[in-house]
Amino acid sequence: MSLVIKNGTLSGEKKDILIVDGKIKEIGSQLVSDNEIDASGLLILPGAVDCHVHLREPGHDYKEDFLSGSKAAAKGGVTSFLVMPNTDPPIDTVEHLSQERKLAAKSVVNYGLYMVGMDNVPEIQKAKNIAGVKIYLDVTTGNLNVEENLDALFSSFKRIAVHAEGKHVDESILRIKKTKNRLYLCHISTRDEIDFIRENKNKQIFCEVSPHHLFLTSEDEETLKGYGMMKPSLKTKEDQDSLWKGIADRTVDTIGTDHAPHAKKEKESNSPPWGVPGLETMMPLLLDAVNKGRLPLQRLVELVAENPCKIFDIPNKGKIKEGYDADIMLVDMGLEKKVKNSDMMTKCGWSPFDGKLLKGWPVMTIVNGHLVYDGTIHDMKGKEIEFR
Ligand code: DOR
Ligand code: ZN
Ligand code: ZN
């Protein structure tokens with residue numbers, strides 16, 4: 001099986017990319033194959049690796065499942081995602097993990113699975129090939145927050161991801177420093193948190209921000225109502241500016257969607273659940289920011305592809321490089337289009353960015369050397385990521 005991407009733009013130069021058996025075989029010019037994709041006028045970027053995605057299988061697959069969520073990913077230029085464990089049942093045992101693995105086989109993009117950290121350290125230690133252990137230090141969807149046993153949990157695995165807000169951020173940083181493990185701070189949203197992270201960052205500590213905190217503020221809550229409710233909540237313009245500053249000075253390491261779909265009916269109810277979908281809009285929002293001069297393209301690639309692979313020990317992904325997996329997005333930087341609820345592939349069928357005009361969209365997505373999205377989704381299967 002071979003495929004060549006012809007005349008795309010890679011790091012400012014016109015290039016062809018030859019893909020053989022799912023890997024990037026050669027980057028050059030005048031490369032040939034029976035199978036060709038014309039990428040003239042398009043940017044070639046590594047597919048995004050989203051470290052923070054909630055699908056709802058098992059338990060609430062009317063909101064999302066591995067197939068619908070992974071189609072949304074492919075459409076959004078996300079070629080791999082790491083899936084959160086706050087399902088029903090939660091992914092707290094090796095048995096639940098192996099059930100989740102069976103469900104995940106439907107995914108059209110590559111995937112890794114988290115386990116949740118509660119009172120289950122022996123189960124975590126039995127588990128094979130997990131993305132990380134997710135510890136909930138605040139109350140959120142799934143009610144999985146823990147207050148006890150935290151030192152044991154922070155020592156239980158080499159990659160610890162936390163939902164931590166406010167003082168829980170500080171406590172997590174102090175706690176991980178007592179171990180040799182890595183800490184991945186999910187969806188950081190305030191100036192105080194960013195400032196604390198900047199001062200206390202070392203090689204163990206990594207910081208994620210999410211698109212909704214970068215592109216919406218608490219002022220949008222009035223119009224969005226339930227559709228603007230998530231944890232952590234939308235913050236002030238000042239907080240938002242500090243996230244962008246953190247991106248510029250490298251306090252921030254990754255951008256992850258925190259894709260958290262809920263049904264329209266639920267979001268319009270009196271007690272809307274927390275969460276917004278993000279897989280289809282992350283790249284268009286960020287590419288639009290590149291077009292507006294807010295974000296250098298190379299920095300974007302680090303945030304959504306290179307750094308996630310470094311932090312989560314994912315080999316052979318995150319770069320367009322000979323020998324690497326052929327997980328690629330082709331981007332039309334000139335394409336201007338509105339986000340529309342009716343275009344959404346996520347089962348929840350809405351976006352908090354509905355109506356927003358954005359310039360710069362992924363138009364084709366290649367996973368493991370197969371064209372999975374080019375305006376429509378083509379049937380294929382992703383693979384489980386093998387963590388180093
Ligand atoms: O808004 C959120 N939604 N925050 C979380 O921490 C969980 C997520 C979800 O699973 O719905
Ligand atoms: Zn969270
Ligand atoms: Zn989350």
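The preceding data block contains the structure.
The following paragraphs examine the structure supplied in this document. (Residues numbered from 1 in each chain as written. Chains lettered and ligands numbered in written order. Predicted model: local features only at pLDDT ≥ 70, side-chain atom pairs only at ≥ 80, totals over all residues. Heavy atoms only, no water.)

Overview of unusual backbone geometry
Both trends apply: most residues other than glycine have a negative phi, and most peptide bonds are in trans. In this structure, the amide linkage connecting Glu57 to the following residue, Pro58, adopts the cis form with an omega of 0 degrees. In this model, Lys231 is joined to Pro232 through a cis peptide bond whose omega is -10 degrees. Here Pro232 lies in the loop between helix H8 (221-224) and helix H9 (237-248). With a phi angle near 50 degrees, Lys225 is a residue other than glycine that sits in the positive phi range. Examined against the element boundaries, Lys225 turns out to sit in the loop between H8 and H9. Judged by its relative accessible area of 56%, Lys225 is exposed. (Helix = DSSP H or I, 4+ residues; strand = E, 2+ residues; numbered from the N terminus. Buried < 20%, exposed > 50% of the residue type's maximum accessible area, 1.4 Å probe, protein only.)

A closer look at the site of ligand 1
Around ligand 1 sit His54, Arg56, Asn86, Thr140, Thr141, His163, Met230, Lys231, Ala260, His262, Trp274 and Gly275, and those are all the residues in its vicinity. At 3.0 Å, a side-chain N or O of His262 approaches an oxygen atom of ligand 1. For ligand 1, an oxygen atom lies 2.9 Å from a polar atom in the backbone of Trp274. Coverage of ligand 1 by the protein chains reaches 100% of its 290 Å² of free accessible surface. Residues belonging to the shell around ligand 1 are distributed by class as follows: three nonpolar, seven polar and two charged. (Near = heavy atom within 4 Å. Polar contact = N/O pair within 3.5 Å; in protein donor to acceptor, adjacent residues only side chain to side chain. Areas by Shrake-Rupley, 256 points an atom, 1.4 Å probe, with all protein chains shown as cover. Nonpolar A, V, L, I, M, F, W, Y, C, P; charged D, E, K, R; others polar.)

What to know about the coordination of the zinc ion (ligand 3)
For the zinc ion (ligand 3), every protein donor is listed as His52 (NE2), His54 (NE2) and Asp258 (OD), and the spread of their distances is 2.0 to 2.2 Å. Sequence spacing of the donors to the zinc ion (ligand 3): H-x1-H-x203-D. A separation of 3.4 Å is found between the zinc ion (ligand 3) and the zinc ion (ligand 2). Here His54 is found in the loop between strand S6 (48-53) and helix H1 (66-75), whereas its partner Asp258 is found in the loop between strand S14 (254-255) and helix H10 (264-267), with 204 residues between them in sequence. (Donors = N, O, S within 2.8 Å, 3.2 Å for Na, K, Ca; no water.)

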